[in-house]
Amino acid sequence: MDSIYGSYGPALQAALEDIIGRIRAYSDDIKAKTGEAAYEHLIYRIKSEGSMREKCDRKGLPQTAYSALHDIRDAIGIRIVCCFLDDIYRAIDFLKSLDGVRVVEEKDYIRHVKPNGYRSYHVILELEEPYEDVTGANPGHFYAEVQLRTIAMDSWASLEHQMKYKHDIKNPELIVRELKRCADELASCDVSMQTIRNLIHAQE
Ligand code: 0O2
């Protein structure tokens, strides 16, 4: 079976590597200036063939490169996991300042928490450099979804994601309520940790 990304696979990979290189350079710069890390860790991926085909089906889209690269905007997925809340907003400012990159959508699930307790800041970037395939056809611009979270938000999302796949839960209301409670407790810790960091900085 042909790739759902058509012949754009190598260009998609190159676009991912380019943006990751720029995020790493930003991290090096912050570290040199402040002595503190810009983020705790960074992960990224090109959405697998299987997941992309499943997502096209779920959204009622044909399984074509156009759907995968345009209608769906997370073929490139990047997650920046930060130590402190302020680091998230500083990284967003950095992404907005990048040449050739346009923020086309923002979802602030930190200020507007999802009902289940999910917290994260999502931005969709349009990578303005157009990529042509070998035949000269041009799909336009690639998109990338960047999720920014604290370590606490990331831990919660990973565990909640794992548990979603357990289908034999007997008392879902209790589980949902407890998960939400844990998310809120972790969020309260994030605020406290940020306050402690601010207090330490104020002494310098
Ligand atoms: P994966 O495998 O993580 O890439 P859409 O992207 O269009 O399907 P939507 O609602 O427009 O959906 O996007 P949204 O709200 O920005 O969320 C997309 C991604 O955020 C999800 O990707 C998850 O990674 C994450 N996410 C959103 N809500 C939750 C949640 O309640 N719990 C957890 N653990 N993660 C969440 P995908 O598509 O699931 O796939």
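Refer to the structure printed above.
Since this is a predicted model, take the numbers as computed values, not measurements.

### Some details on the overall build of the chain
And then number 1: Secondary structure summary: the chain contains six helices and five strands in total.
And then number 2: Along the longest, intermediate and shortest principal axes, the C-alpha atoms of the chain span 60 × 50 × 20 Å.
And then number 3: Of all 204 residues assigned to the chain, the portion counted as buried reaches 41%.
And then number 4: Contacts in the chain between residues at least 24 apart in sequence constitute 69% of all its contacts with a sequence separation of at least 6.
And then number 5: Put simply, the chain shows about 11,500 Å² of open surface, and 54% of that area lies on carbon and sulfur atoms.
And then number 6: Positive and negative charge centroids in the chain, built from 27 and 34 side chains respectively, lie 5 Å apart.

### Concerning a nonpolar patch on the surface
And then number 1: A grouping of Met193, Ile196 and Ile200 is seen on the molecular surface, where their side chains present a nonpolar patch of about 280 Å² in accessible area.
And then number 2: Take Met193: it is sitting in helix α6 (residues 172–202).

### A word on the sheet that holds strand β1 (residues 41–46)
And then number 1: One open sheet accounts for five strands, arranged β1-β2-β5-β4-β3; its pairing is mixed. In this open sheet, the two strands that pair with only one neighbour each are β1 and β3 (101–108). On average, each strand axis in the sheet is inclined to that of its neighbour by 20 degrees, with strand direction left out of account.
And then number 2: Bridge count between strand β4 (residues 121–127) and strand β5 (residues 142–150): seven bridges; the pairing is antiparallel. Its bridge partner being in β5, Glu126 is matched across the sheet by Tyr143.
And then number 3: Each of β2 (76–82), β3, β4 and β5 is contacted by helix α4 (residues 85–97), which is oriented at about 160 degrees to β5, the strand it contacts most.
And then number 4: Packed on one face of the sheet, helix α5 (residues 151–164) meets β1, β2 and β5 and runs near 105 degrees to β5.

Parameters at a glance
Residues numbered from 1 in each chain as written. Predicted model: local features only at pLDDT ≥ 70, side-chain atom pairs only at ≥ 80, totals over all residues. Heavy atoms only, no water. Helix = DSSP H or I, 4+ residues; strand = E, 2+ residues; numbered from the N terminus. Buried < 20%, exposed > 50% of the residue type's maximum accessible area, 1.4 Å probe, protein only. Contact = heavy atoms within 4.5 Å. Areas by Shrake-Rupley, 256 points an atom, 1.4 Å probe, with all protein chains shown as cover. Lys, Arg positive; Asp, Glu negative; His and termini not counted. Charge placed at Lys NZ, Arg CZ, Asp CG, Glu CD. Patch = residues over 30% accessible without salt bridge, like charges linked within 9 Å, V, L, I, M, F, W, Y side chains within 5 Å. Salt bridge = Lys/Arg side-chain N within 4 Å of Asp/Glu carboxyl O. Pairing = 2+ DSSP bridges. Axes fitted to C-alpha atoms, helices over the stretch in contact; angles between N-to-C directions.

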